[in-house]
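The lines below spell out each chain.
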Amino acid sequence: MFKVIQRSVGPASLSLLTFKVYASPKKDSPDKDSIKVDELSLYTVPEDESKYVEEPRTRLEENISQLRQFCQPYTTWCQEKYFYAKPKMQNIVQWGVDSYGYLQNAPPGFFPRLGVIGFAGLVGLIFARGSKIKKLVYPPGFMGLAASIYYPQQAISMAQVSGEVLYDWGLQGYIVLEDLWKNFQKQPYN
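Residues numbered from 1 in each chain as written. Predicted model: local features only at pLDDT ≥ 70, side-chain atom pairs only at ≥ 80, totals over all residues. Heavy atoms only, no water.

A.B. asks: For this particular structure, what's the right way to read the pattern of salt bridges?
C.D. replies: Pairs may arise between side chains of opposite charge once their charged atoms sit close together. Applying the stated criterion across every chain, the model contains two salt bridges. Arg 57 is the salt-bridge partner of Glu 62, the closest N and O atoms lying 3.6 Å from each other. Arg 57 gets classed as partly exposed once you look at its relative accessible area, which sits at 49%. (Salt bridge = Lys/Arg side-chain N within 4 Å of Asp/Glu carboxyl O. Buried < 20%, exposed > 50% of the residue type's maximum accessible area, 1.4 Å probe, protein only.)

Structure (structure tokens):
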């Protein structure tokens, strides 16, 4: 077949070096022993004697198929809810990571201010004993008051935005009540 000629010689420690290998056909070998690619058994195509026969489904396979068909609407519903909730959960996780990073590198005086604001909320809970409306109004009000002492510019901007929103809500409520009152006046008494 082929005679290999090696062109490098070196000690065993240099065995990782690359070298060239030249191959040349033997001059004394006859060509009649060579095999063509088409004659190799690896490349022959089998005859078309085989035929695909589907095996009958077993009872276990039938039961699994029925279970899948039964569960399919529920899995679809779960997938829809998952894809709906996934971005929201990612936002919450990112907010938590950002908050954790901020609290690790908090500006000086942040934690005492946070303590005073939290304490104001507890004082609001103490003053709100007995009434559910007071429990909804006093703690946030006291916390907002304490926060406005430490962060006046943010409190002013928040008050402006909140005032505009409250004014819009009041105006919409007034319009709705006025329409209801006019409709009530137009109805005849029975």
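A.B. asks: What is the right way to read the packing of aromatic side chains from this model?
C.D. replies: In this description, an aromatic ring pair is defined by two values, namely the gap between the centres and the angle between the planes. Summed over the entire model, instances satisfying the criterion amount to six aromatic pairs. Taken together, a centroid distance of 5.5 Å and an interplanar angle of 70° make the contact between Phe 110 and Phe 111 edge-to-face. The buried category is assigned to Phe 110, whose relative accessible area is 14%. The class for Phe 111 is partly exposed, based on a relative accessible area of 47%. Look at Phe 127 and Phe 142: their rings are 5.9 Å apart centre to centre, the planes differ by 75°, and that puts the pair in the edge-to-face class. Of this pair, Phe 127 sits in helix H2 (residues 110-127) while Phe 142 sits in helix H3 (residues 132-150), and the two are 15 residues apart along the sequence. Using a relative accessible area of 51% as the deciding quantity, one classes Phe 127 as exposed. Following the ring pairs from residue to residue traces out a cluster consisting of Tyr 102, Phe 110 and Phe 111. (Phe/Tyr/Trp six-rings, centres within 6.5 Å; stacked < 30°, edge-to-face > 60°. Helix = DSSP H or I, 4+ residues; strand = E, 2+ residues; numbered from the N terminus.)

A.B. asks: Sorry if this is basic, but what is going on with the packing of H2 against H3 here?
C.D. replies: Each packed pair of helices is defined by two parameters, the angle between the axes and the distance between the axes. Remark: H2 packs on H3, axes separated minimally by 7 Å, with the N-to-C direction vectors making an angle of 155°. When the axis of H2 is compared with that of H3, the two are roughly antiparallel. Seen along the crossing, H2 lies across H3 with a hand that is right-handed. Note on element contacts: H3 touches H2 through Lys 134, Tyr 138, Pro 139, Phe 142, Met 143, Ala 146, Ala 147 and Tyr 150, opposite Arg 113, Val 116, Ile 117, Ala 120, Gly 121, Val 123, Gly 124, Leu 125 and Phe 127. (Axes fitted to C-alpha atoms, helices over the stretch in contact; angles between N-to-C directions. Parallel < 35°, antiparallel > 145°, perpendicular 65-115°, else oblique. Left-handed = near helix turned anticlockwise from the far one by under 90°. Contact = heavy atoms within 4.5 Å.)

A.B. asks: In this structure, what is going on with a nonpolar patch on the surface? I would like to understand it.
C.D. replies: Judged by side-chain polarity, Ile 126, Phe 127, Ile 133, Leu 136, Val 137 and Tyr 138 come together as a nonpolar surface patch covering roughly 640 Å² of accessible area. Taken together, the elements giving at least two residues each to the nonpolar patch come down to H2 and H3. If you tally residues by element for the nonpolar patch, the top one is H3, at four residues. With respect to the helices and strands, the residue Val 137 is situated in helix H3. (Patch = residues over 30% accessible without salt bridge, like charges linked within 9 Å, V, L, I, M, F, W, Y side chains within 5 Å. Areas by Shrake-Rupley, 256 points an atom, 1.4 Å probe, with all protein chains shown as cover.)

A.B. asks: Just checking my understanding: could you explain H2 for this structure?
C.D. replies: Given a rise of 1.5 Å per residue, 18 residues ought to cover 26 Å, and the 26 Å separating the end C-alpha atoms of H2 matches this to within 8%. Burial in H2 covers these residues: Phe 110, Ile 117, Ala 120, Gly 121 and Gly 124. End-on, the buried residues of H2 take up no more than an arc of 100°, which puts them together on one face. Among the exposed residues of H2, those oriented more than 90 degrees off its buried face are Pro 112, Phe 119 and Ile 126. Contacts from the buried residues of H2 go to helix H1 (59-104) and H3. (Expected span 1.5 Å × (residues − 1). Arc of directions from axis to C-beta.)

A.B. asks: Before we go on, may I ask you to explain the state of the cysteines in this structure?
C.D. replies: Between two cysteines, a covalent bond joining their sulfur atoms is known as a disulfide. Tallied over the entire structure, the rule returns zero disulfides. Looking at Cys 71, it has no disulfide partner, and the nearest cysteine sulfur is the one in Cys 78, 10.0 Å off. (Disulfide = S-S within 2.5 Å.)

Geometric values such as these leave the question of function open.
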